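# Overview (structure and organization)
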Amino acid sequence: MVLAAPRSAPLEEALGEGSPIVVLDRVSLAFDDKVILKNISFTLLKGHTKIILGASGSGKSTILKLILGLLKPDAGVIWVNGERVDGMTELEMMKVRADLGMVFQEGALFDSLTVAENVGYKLFEESDMPRADVRQRVDEILGFIGLDDHVDRTPAELSGGQRRRVAIARAMAAKPRLLLYDEPTTGLDPITAITVDNEIVKLRDIENVSSILVTHQLRDAFFVATHEAVHDAAGRLQVVPAGLDKAEEAEFIMLKDGEIAFEGHAAELRATSDSYLKTFLS
Amino acid sequence: MTALVVSLVKSGLLEIQEYMRLQGQTMRGIVSRPFYFRDVVEQFEEIGIGSLTVVLLTGFFTGAVLALQTGITLDQFGARPFVGRLISASMIKELGPVLTGLMLAGRVGSGIAAELGSMVVTDQINALRALGTDPVRKLVVPRVLAGVFMAPVLTVVANTVGIIGGWLIAVYQLRVASSLYWTSVVEGLFLQDAWMGLIKPFFLGFAIVTIGCHVGLRTHGGTQGVGRSTTNAVVASSVAVIAVDFFVTRVLITLLY
Ligand SMILES: Nc1ncnc2c1ncn2[C@@H]1O[C@H](COP(=O)(O)OP(=O)(O)OP(=O)(O)O)[C@@H](O)[C@H]1O
Ligand SMILES: [Mg+2]
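Reading guide: rules and limits
- Throughout, residues of each chain are indexed from 1 in the direction in which the sequence is written.
- As a convention, the first chain written is A and the first ligand written is 1, with the rest following in written order.
- The predicted origin of the model limits local features to residues at a pLDDT of at least 70 and limits the giving and counting of side-chain atom pairs to 80 or more, whereas totals for whole chains, interfaces and linings rest on all residues.
- Heavy atoms from the whole structure form the basis of all side-chain values; hydrogens and water molecules are not counted.
- For helices the rule is a DSSP run of H or I covering at least 4 residues; for strands it is a run of E covering at least 2, with both sets numbered from the N terminus onward.
- For the exposure calls, accessible area comes from a 1.4 Å probe over protein chains only, and a residue counts as buried if that area is under 20% of its type's maximum, exposed if over 50%, partly exposed in between.
- Note on areas: Shrake-Rupley with a 1.4 Å probe; residue coverage comes only from the protein chains shown.
- Proximity is defined per residue: any heavy atom of the residue falling within 4 Å of a molecule or strand makes that residue near it.
- Polar contacts, as counted here, are pairs of nitrogen or oxygen atoms within 3.5 Å of one another; within protein the pair requires one atom able to donate a hydrogen and one able to accept it, and residues that are adjacent in sequence qualify only if both atoms are side-chain atoms.
- Ten residues, namely Ala, Val, Leu, Ile, Met, Phe, Trp, Tyr, Cys and Pro, are considered nonpolar, four, namely Asp, Glu, Lys and Arg, are considered charged, and the remaining ones, Gly among them, are considered polar.
- For every domain, the bounds stem from an assignment made automatically or drawn from a database.
- Residue contacts follow a heavy-atom distance rule, with two residues in contact if any of their heavy atoms lie within 4.5 Å.
- Two parts lose some accessible area (1.4 Å probe) when they are put together, and adding that loss for both gives the buried area.
- For salt bridges, the criterion is a side-chain nitrogen of Lys or Arg within 4 Å of an Asp or Glu carboxyl oxygen.
- Stacked, edge-to-face and tilted are the three classes for Phe, Tyr and Trp ring pairs, Trp counted by its six-membered ring, which pair at centre distances within 6.5 Å; planes under 30 degrees apart are stacked, over 60 edge-to-face, the rest tilted.
- Exposure above 30% relative accessible area and no salt bridge define the residues that can form patches, which grow by joining like charges within 9 Å and nonpolar side chains of Val, Leu, Ile, Met, Phe, Trp and Tyr within 5 Å.
- Using only the protein atoms, space was sampled on a 1 Å grid; points where a 1.4 Å probe fits but cannot get out form cavities, open sets with protein on both sides within 12 Å along at least five of seven lines form pockets, and lining residues are those with an atom within 4 Å of a point.
- Grid points are joined across faces, edges and corners, and a volume is the space filled by probe spheres set on the points.
- Excluding water, the donors of a metal are its N, O and S neighbours within 2.8 Å, or within 3.2 Å for Na, K and Ca, and that exclusion means sites may look incomplete.

## Side note on the overall build of chain B
For chain B, the count of helices and strands is 9 helices and 0 strands. Mapped in sequence order, the helices and strands of chain B form the string α-α-α-α-α-α-α-α-α. With respect to the principal axes defined by its C-alpha atoms, chain B has extents near 65 × 50 × 35 Å. Taking all 257 residues of chain B together, the buried fraction comes to 47%. For chain B, the exposed surface amounts to about 12,500 Å²; the carbon and sulfur share of it is 71%.

## Concerning the site of ligand 1
All names here are of chain A. Near ligand 1 you find 14 residues, and of these Ser56, Lys60, Ser61, Thr62 and Gln105 are the closest. In this structure, an oxygen atom belonging to ligand 1 sits 2.6 Å away from a side-chain N or O atom of serine 56. A distance of 3.0 Å separates an oxygen atom of ligand 1 from a polar atom in the backbone of glycine 59. Summarising the interface, the protein chains cover 63% of the accessible area of ligand 1, which totals 640 Å² for the free molecule. For the shell around ligand 1, the secondary-structure elements that each account for two or more residues are strand 2 (34–45) and helix 2 (60–67). Of all the elements, helix 2 adds the most residues to the shell around ligand 1, at 3 residues. Its residues assigned to classes, the shell around ligand 1 comprises 3 nonpolar, 8 polar and 3 charged.

## Description of the domain arrangement of chain A
All names here are of chain A. Its domain assignment divides chain A into domain 1 (1–86 + 193–282) and domain 2 (100–175). For domain 1 versus domain 2, the distance between C-alpha centres works out to 24 Å. Counting residues at the interface gives 11 residues for domain 1 and 7 residues for domain 2. When domain 1 packs against domain 2, close to 860 Å² is buried across both sides, 82% of that on carbon and sulfur atoms. If you sort the residues of domain 1 by the area they bury against domain 2, Leu68, Val196 and Glu199 come out on top, with a joint share of 42%.

## As for the interface of chain B and chain A
On the side of chain A, 19 residues touch chain B, which itself brings 17 residues to the contact. When chain B packs against chain A, the two sides together hide about 1,700 Å² of surface, and 54% of this comes from carbon and sulfur. Contact with chain A buries area across many residues of chain B, yet Gln124(B), Arg129(B) and Leu131(B) alone supply 36% of it, more than any other trio. On inspection of chain B and its partner chain A, the count reaches 4 salt bridges. Between Arg38(B) and Glu125(A) there is a salt bridge, and its shortest N-O distance comes to 3.0 Å.

## Some details on the packing of aromatic side chains
Under the defined criterion, the tally for this structure stands at 7 aromatic pairs over all chains. With a centroid separation of 5.1 Å and 35° between ring planes, the pair formed by Phe222(A) and Phe252(A) is classed as tilted. In this pair, Phe222(A) sits in helix 9 (residues 218–226) while Phe252(A) sits in strand 11 (residues 250–256), placing the two residues 30 residues apart along the sequence. With relative accessibility at 12%, the residue Phe222(A) sits in the buried group. Centroid distance Phe149(B) to Phe202(B): 6.1 Å. Interplanar angle 85°. Geometry classified as edge-to-face. Highlighted residues: Phe149(B) in helix 6 (residues 135–172) and Phe202(B) in helix 8 (residues 191–217), separated in sequence by 53 residues.

## Side note on a nonpolar patch on the surface
A surface patch of nonpolar side chains, amounting to about 860 Å² of accessible area, comprises Met1(B), Leu4(B), Val5(B), Leu8(B), Val9(B), Leu13(B), Ile16(B) and Met20(B). Topologically, Met20(B) is positioned in helix 1 (residues 2–31).

## Some details on empty space enclosed by the protein
For the structure on display, the rule yields 3 cavities of 30 Å³ or more. In this model, the largest cavity occupies a volume close to 60 Å³. Taken together, Leu100(A), Gly101(A), Met102(A), Phe104(A), Arg170(A), Ala171(A), Ala127(B), Ala130(B) and Leu131(B) form the lining of the largest cavity. Of the residues that constitute the lining of the largest cavity, the class distribution is 7 nonpolar, 1 polar and 1 charged. Estimated volume of the second largest cavity: approximately 50 Å³. Together, Val55(B), Thr58(B), Gly59(B), Thr62(B), Met91(B), Leu95(B), Gly96(B), Leu99(B), Thr100(B) and Ala158(B) line the second largest cavity. Counting only elements with at least two residues in the lining of the second largest cavity, the list comes to helix 3 (52–76) and helix 4 (83–121) of chain B. Per-element accounting of the lining of the second largest cavity gives the leading share, 5 residues, to helix 4 of chain B. Taken together, the residues of the lining of the second largest cavity sort by class into 5 nonpolar, 5 polar and no charged.

## Brief notes about the coordination of the magnesium ion (ligand 2)
Bound to the magnesium ion (ligand 2) are the protein donor atoms Ser61(A) (OG) and Gln105(A) (OE1), situated 1.9 to 2.2 Å from the metal. With a gap of 44 residues between them, Ser61(A) in helix 2 and Gln105(A) in the loop between strand 6 (100–103) and helix 4 (115–119) connect regions that are remote in the sequence.

## Concerning the pattern of salt bridges
Inspection of every chain in the model, using the stated rule, returns 28 salt bridges over all chains. Arg177(A) is paired through a salt bridge with Asp99(A); the nearest N and O atoms lie 2.6 Å apart. With a gap of 78 residues between them, Arg177(A) in the loop between helix 7 (160–173) and strand 7 (178–182) and Asp99(A) in the loop between helix 3 (90–97) and strand 6 connect regions that are remote in the sequence. Overall, the relative accessible area of 42% leaves Arg177(A) in the partly exposed class. Of the charged contacts, one joins Glu115(B) and Arg143(B) as a salt bridge, the two residues approaching to 3.0 Å between their closest N and O atoms.

## Concerning the side chain of Thr49(A)
Note that Thr49(A) resides in strand 3 (residues 49–54). For Thr49(A), a relative accessible area of 1% corresponds to the buried category.

Pasting the structure below:
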């Protein structure tokens, strides 16, 4: 694997805590003649959450694919984890992706592999981690999403919600620093959805994973935006309603007609007077 | 009208350019790391062992029908005992490679296009890339290696059962003595022919598999697109088998004879 030039100490520091991990600057993209994104700009800081809302077909999944380098923008600049990724070759992109995880909208599980092989794919195929450790990590994460007794099944033998949970487990398994969730809770029952939301919150607050969450489920969006994970007096991990400062670390973006129609925190979104937003929220 | 022609030519050229690019990436994937060994083994089994039945059946019946037909023709010259010679020559030089190629185009070309195509439309290819895997190394390289090395092996199998099929007809239908048939088979074999029969399937296997991969990876438009890709892959690789066979034969004749 080709590695980029090592970073100098000052640069490493500038890219540390509180610095941007994803920056989109006037990004535009059209498929054939159809303009999907026009001059989209936003910044995600390390350890923060960006929640992207928008009608079906408004370009939410497209934004995630641009960040992953699966699509290239027609115009604009994209920075991920301190690297400029628009224009990168596929080979250079692989190094950036090493620190990224993505939950695809339809799961995109590999049909030919079992649940355990799917979840452990990155560790097993693209890392030097010993097999026993991979197995342990897979068991751990499958236990967490409640699929321990399905390890040897293939995706075809799972329900839609179970497949989605496997997809989430696969994205989390290699402990990336940036996680992109494309509708992770759609089609899940409320209990499992809350489990997933809790995990997103825990990864963010305990492991300092930055996240971009695309969702239609407003309840989950607000839950993630307004909760935080803390250790209680007994040292146990708890997800509790977040304080004001913490809640400001989650920002909503609303896409409409290829542009950002709203950008702001949960409280601002709730208080909006915009009629389109109101219809969307109700 | 001209606009239509121009756009057709353009998309044709683009297709060829993409196909060439895939071949370049495949070559690079073969000679450099990472190399997915387990997938290579899996594909050898899938393409090699998996195609055995169909190749055995086609080879056998081709040899048998060849014996029946040439028996009639040879009778006109009173040359029935030479039936073995005709069978071995035509099987090894031409029919073995081409028929095996066509069978592989139907079974392997379509299978690859359908599998890779559905991986494209369900975002599995994107998921591979997101997880840090180059789909060409993981999916294309193992299939190309398996296709290139298994096609000659399967061709030899087809030739062998074809000659056995011919032998059954020669002995039980044409009443040619068994020993006479086998002497005649050996007499019909020239070293050049054997080379010709062994070299051709390498190229045919390469063409079939690379076309299947190329068409599969360029699938778009959901499940309908997968169906379209599968059909296109079979048509294109079948035509390619015949065409590549012609050109390779042309070159080999100058080189070998
Ligand atoms: N490969 C493609 N070729 C052509 N058009 C595409 C392609 N991918 C997406 N589109 C179009 O781009 C637009 C945005 O797609 P995208 O998948 O980003 O929507 P989305 O916001 O994620 O919608 P949903 O909420 O339904 O998932 C859609 O109108 C879609 O038709
Ligand atoms: Mg989407």
